[in-house]
Structure formats: C-alpha cells, structure tokens
Amino acid sequence: MARILVSEADFDAGAEITALTAGRTDIGGIGCFIGTVRDAVPQAGAPIVAALTLEHYPAMTERAISRITAEAERRWSLLGCTVIHRVGRMLPGENIVLVLAASAHRQAALDATSFLIDWLKTKAPFWKREDLADGGSVWVEAREEDDAAAARWQTK
Amino acid sequence: MARILVSEADFDAGAEITALTAGRTDIGGIGCFIGTVRDAVPQAGAPIVAALTLEHYPAMTERAISRITAEAERRWSLLGCTVIHRVGRMLPGENIVLVLAASAHRQAALDATSFLIDWLKTKAPFWKREDLADGGSVWVEAREEDDAAAARWQTK
Amino acid sequence: MITILWFAWLRERTGSAEETLMLPEAEITVAALIELLAARGGGYAAAFQNRRTVRCAVNQEFAEPEALVRAGDEVAFFPPVTGG
Amino acid sequence: MITILWFAWLRERTGSAEETLMLPEAEITVAALIELLAARGGGYAAAFQNRRTVRCAVNQEFAEPEALVRAGDEVAFFPPVTGG
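Residues numbered from 1 in each chain as written. Chains lettered and ligands numbered in written order. Predicted model: local features only at pLDDT ≥ 70, side-chain atom pairs only at ≥ 80, totals over all residues. Heavy atoms only, no water.

Caption draft 1: A look at the interface of chain B and chain C. Taken together, the 26 residues of chain B in the interface contact 20 residues of chain C. Summing the contributions of chain B and of chain C, the shared interface buries around 1,900 Å²; its carbon and sulfur component is 57%. Contact with chain C buries area across many residues of chain B, yet B:Tyr57, B:Trp127 and B:Trp139 alone supply 34% of it, more than any other trio. Our count for the chain B to chain C interface comes out at three salt bridges. Close ionic contact of C:Glu61 with B:Arg67 constitutes a salt bridge, the shortest N to O distance being 2.8 Å. Here chain B is connected to chain C by 14 residue pairs in polar contact (both at pLDDT 80 or more). The dominant element in the side of chain B that touches chain C, judged by the number of residues it contributes, is helix H2 (residues 58-75) of chain B, at five residues. (Contact = heavy atoms within 4.5 Å. Buried area = accessible area lost by both parts, 1.4 Å probe. Salt bridge = Lys/Arg side-chain N within 4 Å of Asp/Glu carboxyl O. Polar contact = N/O pair within 3.5 Å; in protein donor to acceptor, adjacent residues only side chain to side chain. Helix = DSSP H or I, 4+ residues; strand = E, 2+ residues; numbered from the N terminus.)

Caption draft 2: Broad picture of the packing of H2(B) against helix H3 (residues 106-123) of chain B. Residue and element names in this part refer to chain B. Contact pair H2 / H3: the axes reach a minimum separation of 10 Å and the direction vectors enclose 150 degrees. Relative to H3, the element H2 is oriented roughly antiparallel. Read as a crossing pair, H2 and H3 show a hand that is right-handed. Facing Ala64, Ile65, Ile68, Thr69, Glu71, Ala72 and Arg75 of H2, the residues of H3 in contact are Phe115, Leu116, Trp119, Leu120 and Lys123. Each residue belonging to the contact of H2 with H3 can be placed in one class, and the counts come to eight nonpolar, one polar and three charged. (Axes fitted to C-alpha atoms, helices over the stretch in contact; angles between N-to-C directions. Parallel < 35°, antiparallel > 145°, perpendicular 65-115°, else oblique. Left-handed = near helix turned anticlockwise from the far one by under 90°. Nonpolar A, V, L, I, M, F, W, Y, C, P; charged D, E, K, R; others polar.)

Caption draft 3: Examining the environment of C:Thr20 more closely. Relative to the helices and strands, C:Thr20 is located in strand E2 (residues 18-21). Beyond its immediate sequence surroundings of up to four residues, C:Thr20 is in contact with C:Met1, C:Ile2 and C:Thr3.

Caption draft 4: Geometry of unusual backbone geometry. Residues and elements named next belong to chain C. In this structure, Ala8 takes a positive phi of about 55 degrees despite not being glycine. Structurally, Ala8 can be placed in helix H1 (residues 8-14). Non-glycine residue Asn59 carries a positive phi angle of around 50 degrees. Residue placement: Asn59 occurs in the loop between strand E4 (55-58) and strand E5 (61-62). Judged by relative accessible area, Asn59 falls into the partly exposed class, the value being 29%. (Buried < 20%, exposed > 50% of the residue type's maximum accessible area, 1.4 Å probe, protein only.)

In short, shape yes, function no, at least from these values alone.
Below, the structure is given as structure tokens:
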C-alpha cells in the first residue's frame, strides 16, 4: 500500500502530501519527516561539505524499504504511507529523504513517521559519502545513536 | 523566531516547508504534522460530520501559541518553527493545523513536532464544534489521552 | 468594572459572548466571581453546573480559582480546549 | 559460481564493484567466504581488516556470518548503512 520511490530526482513534499490525502475524509493526522543535506558548518562559516553522494544497492533497496513500510503498517493503522529516498549527488540544502504517514489519529501518524526514519537509517542499503570542499571525501560512519533509535522499536 | 499564523484561510504545507528551509544549509531534518478534519466515518459510509467549526479567543490565541513555540525553542535547538492554526468553518478533509520544526538533527525536529502539537491541543484557546449531517451540532470534548500526551513533556 | 467573555458551550448557555460587571470589592478571586455569576441562576447556573469542566483566563492568561480579579481585567470562561 | 558485490568503502578497498567466484564447496558460510576473500591479501585483506564494520547480504537479504552461501547466490559486502 505504501508509495516507495528511490530516485536521483528531487521530490516535492507538498505534492506528495497532497497526493496522499486528496479526496480522503478518514485521515485525521499526517506525520512527515524530511531529511536534508546539512553542511557541517564550521565556526568560521566556510562550507565544509561540497556535496553528498548517496550510494545504494539497487537490487535490494526497494525490497528493504518495503519490509520497513510493511512493518509500520503492521504496527499502526495507517491510511497512507510514502517513502522517497534520493540517490546520487546532492548539494547542501537539498532534500535526501521524505517520510509520510497518515492515520485517523495523530499519535499513530507521528509514531509511524519516527519509526520509518529510524529504521530507514539502519535497515536500508544506503551509504553516504561527503565530498569535502578541500577535494577529499569521507564515507559517513554509522552512528551508535541511530542504532539506539532503531532499537527503541524492537521491544514493541 | 517562530512563524505563527491564526487564519480562516487554508495553508499550503509545501510552501511553508519551502519558506522554512529556503537557502538554509544548516538544517538536517524537518518534522511536520498536519491535522485534518476527519469525518467520524460510520460503518455504513454516510458522512456524519458535515463541517467542523473552530472557535478561538482572538486576544489570547497568538500569545498562547507563542508561549508554546518559545518553550519548544528552549527545549530543542530549532533552526525554524512554524505553527498555523485555522479558525472558522472547515469541511471534512480540509486542513486544520500545521506544525513544522527544523533542526540540525532529526530527533530534535521530530520531538519538537510532537511536543508542539501535544501542547497546542491542550494549552491554546481553540474549541471544536462538529456540525452534524442531521442538522445538530456538538462541542468536541477534551480527551484524557490528549492531557496524558501533553503531560509526557512536563517532566523534561 | 471588568469585562467577561464566554466561549463555546459556555457562551451558548449564558446567551452572552461579552458583558461587563462591576466588582463588589476591589479584588475577588476567580472562584468568588464564579459563585457570583452562578448565583444569577438560569443559563449562568447551567454554565457552571460542573465547575471542573470550566476553565478561566484573566487578561489572556490561564488562571486558577485562587487567582485575583481586579477592576479593568478581562476575564474569560471556556471549556477545556480542543484545538490542534 | 556466485556473484559478489562490493559497496561504499569496501568497493574502494577491493577495487572491484562486482566479481564472480567459484565456490570451493557446495555451500559455505558467510564467515568462511570472508576468510577466503581476506586471504587474498592486499585490498581484500584491508576490506575485512575490521570485520565488525562489514555487513553482508545474501540474495538481497541481510545475512549473519553463519548464513549459508550456495552456487547462484548474490553476496554483497558493505559497511553499516548510513542513509535516511
């Protein structure tokens, strides 16, 4: 039931919200999260991150995301669910990921939104590389706090 | 710093997100919640709620919302915050409320979004009246679970 | 003189959205003001029938029953809020 | 014959995005396959230098070290994921 899209193209969050809710009168709340390319702003103000490159495992990516959205739909009564994840090269300020979850009640929509982004960050085959202003590049390391955030949902 | 708007007019969530994030490279995540008029769908399918009327206390409303956004900004490092609440008469499916919270990291953005809507529901002077399809009308009663949701944030 | 505002179903019960009142003393508590208004009977008594469902704001700030009301204040009565 | 895919910095270390390999036995564990590949030395040894930072998928499903690999399988090695 979820709309899943993995694409190099940017997305339009407003258009996705409209598409999810158009003509519906059973939805009471829509939760949304948008992840964007953040420049690791130094004290001085010069940009550090020139670009972010998102690599993925094409044969596995949509399947992994489907697993995650199916799990969200199993846990909450969702009336709509959208996950869009970009791949390729993105500049600071650009969109990376969009998560939408609609439900009759707000708590389900908000909880599902948090769950979806927590699991996307730890269970979908994407890897971020930061291309630095000085010409170098570094692979972003997985963060323990992301694992901890994902683990919050294990006990439910 | 927050953008606060109380208006009879509908809002455009996508345009608000764009306005909040345009030209910014310090934002890493945007949390969003949209509340919509839900028809209390009966088994049969005929609409029960013909319209929702939102009454408020104009002299107090923006002040109360400012208190809530200021508290969110005190608790989390927000890089942007928007609260739009409609008043007047709305049809099923229409937008009621928009909350946006932007931060460098997703957890702050998502937590602030939940906090803002929880406190808006319990600490801002709005009252909902459902105009029913049969011609009657009922004032929506405050829900204990909304108080409980708001109280979660008291201990922090 | 104070201004009294009524919202939602309290307004429907009192039949009044806004009125003014001369205080009997220089300052009284919100609780005492409620007694004064409820004693009018009719829709006013009905408005305060279940006091636990009535909230108050004095000068646009939420106020507890022990809060003081003075001449010039704007006092609002309303049900628990249900926006969002 | 199996297909092996390398992603992110593992691909950079091995210098290979995709390769094929004839299995020495009908089926081996992911752990044994890692030993086999690391024993090649050079970039392959470097890729598996810290085994705890390497994840594996067999036929597009996350796989633990004890999972079995058979002819025809697609085995992918990559670092912990960092999308979202």
